[in-house]
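Survey of secondary and tertiary structure
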Amino acid sequence: MKPNDLPTNTPWTMARRAARMNPSVIREILKVTEKPGIISFAGGLPSSKTFPVSEFTAACTQVLTHDAQAALQYAASEGFAPLREMVAARLPWNVDPAQILITTGSQQGLDLVAKILIDADSRVLVETPTYLGALQAFTPMEPEVVSVASDDEGVDVADLASKVGTGASKARFLYVLPNFQNPTGRTMSEARRAALVAKAAELGLPLIEDNPYGDLWFDKEPPAPLTSRNPEGCIYLGSFSKVLAPGLRLGFIVAPKGIYSKLLQAKQAADLHSPGFNQRMIAEVMKDGFLDRHIPTIRALYKSQRDAMLEALKKDMPSDVTWNSPDGGMFLWARLPEGMSAQELLPKAVDKGVAFVPGAAFYNDHADPRTMRLSFVTPNVDEIRTGVAALAAAIREHRAG
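Residues numbered from 1 in each chain as written. Predicted model: local features only at pLDDT ≥ 70, side-chain atom pairs only at ≥ 80, totals over all residues. Heavy atoms only, no water.

**Comments concerning the side chain of R186**
- Relative to the helices and strands, R186 resides in the loop between strand 7 (174-176) and helix 9 (190-203).
- You can call R186 buried: its relative accessible area is 11%. (Helix = DSSP H or I, 4+ residues; strand = E, 2+ residues; numbered from the N terminus. Buried < 20%, exposed > 50% of the residue type's maximum accessible area, 1.4 Å probe, protein only.)

What follows is the structure in structure tokens.
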């Protein structure tokens, strides 16, 4: 029998979770930005100017010359021990390297957390708005995702308390990004952090603290992490993508010892281990305090680009468009005038050569259609000025038309 003679109606039955998987709005918009001439404020892509290419070139030679067989072989699921020790040493609280699990990007950390903590119909709490990638990681596990009210200082602790639930319906955790949040760029205040950690401990509510942007502060370091205040009540996620290179796909989890083993088992089932060669490359680059010299150059670049965007917005935007001024990170949050929709504006903006992400994608429910996420780190200063002027023109035409 030849392959073409076989029946063509083989049935594929999808798992329920497959039906709950959705494409990333951001990834779809990024396809648009690949068109020639498009200035993109859409992607959360670090500036390629920040990639330490020469250091990675030297690290590659060093690893392949002195540790090639181990670097190219299967490895421990926990991660490369020297890298775990380096991560522990950089964290601002006492962490045993045995609590650190190296992941294939911090996005995998979200996936592992979802797998071990979420059952079908279990309650999960998120900020309003929240990171789209977290919603993508959690949703296939079929939870009841509940949004907690948030303001410029972060999570509304009173609203959190009202939504935790009790008994079988009690929330499994709150997912939160305290530093330069994606998408809003806001930073949780010291007072709010203290109140949140205290209330979560009182309620017996675990916190999942995601901190990919925490090193990217501009003028002053953000307050201490939530996890440093209650290590046994938190899981902490970090990333090398924003300070070294996202293409290496490496991040890490810091977890209480009581839950670490299950995260490790989920990791083993997912991919056995993150690439050992990449881990050794990063460890080689990080040695001798490189990050302490490198990260300030990223901060300076991103601050200048944030300032350029703020200046351009002030110069060109209609007076009834509003925006915030983030203290670090990669994004700012803007809001269109009453009655406008960012989703409807997007194709008109693209026609004028500029792209952004409509903010509605970042809400679990009750989305604000007027919001937009603007990334200021990928385009250069001239592109920022040109792109903001084009976006302002698109807003005026959209309102007039």
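**A closer look at the sheet that holds strand 15 (residues 371-375)**
- Reading across the sheet, the four strands line up as 11-12-15-14 and stay open at both edges, with antiparallel pairing between neighbours. Strands at the two margins of the open sheet, each flanked by one partner only, are strand 11 (322-323) and strand 14 (357-358).
- Sheet topology note: the strand 11/strand 12 (residues 331-335) ladder contains two bridges and is antiparallel. Across the sheet, residue T322 finds its bridge partner in strand 12, namely R335. (Pairing = 2+ DSSP bridges.)

**Description of the nonpolar core**
- Core analysis: the largest hydrophobic core is formed by 81 residues, its most contacted members being L244 and L391.
- For this core, the element with the highest residue contribution is helix 13 (residues 290-316), accounting for 10 residues.
- For L391, the residues in contact, after removing those within four places along its chain, are M317, L345, A349, V354, F356, M372 and L374. (Core = buried A, V, L, I, M, F, W, Y, C linked by side-chain atoms within 4.5 Å. Contact = heavy atoms within 4.5 Å.)

**Quick notes on the environment of M86**
- Looking at the secondary structure, you find M86 in helix 5 (residues 81-90).
- For the pair formed by M86 and V53, sequence separation is 33 residues and the distance between their alpha carbons is 21 Å.
- Residue contacts for M86: discarding those within four places in its chain leaves A283, M286 and K287.

**Some points on the pattern of salt bridges**
- Tallied over the entire structure, the rule returns 23 salt bridges.
- Of the charged contacts, one joins K115 and D111 as a salt bridge, the two residues approaching to 3.0 Å between their closest N and O atoms. Residue K115 and its partner D111 are located together in helix 6 (residues 106-117), separated by four residues, close to a single helical turn.
- The partly exposed category is assigned to D111, whose relative accessible area is 23%.
- Residue K199 pairs with E202 through a salt bridge whose shortest N-O separation is 3.4 Å. Of this pair, K199 and E202 both sit in helix 9, three residues apart, which is roughly one turn of that helix.
- Taking the relative accessible area as the measure of exposure, E202 reaches 59% and is therefore exposed.
- Salt bridges linked by common partners bring D151, E153 and R192 together as one network. (Salt bridge = Lys/Arg side-chain N within 4 Å of Asp/Glu carboxyl O.)

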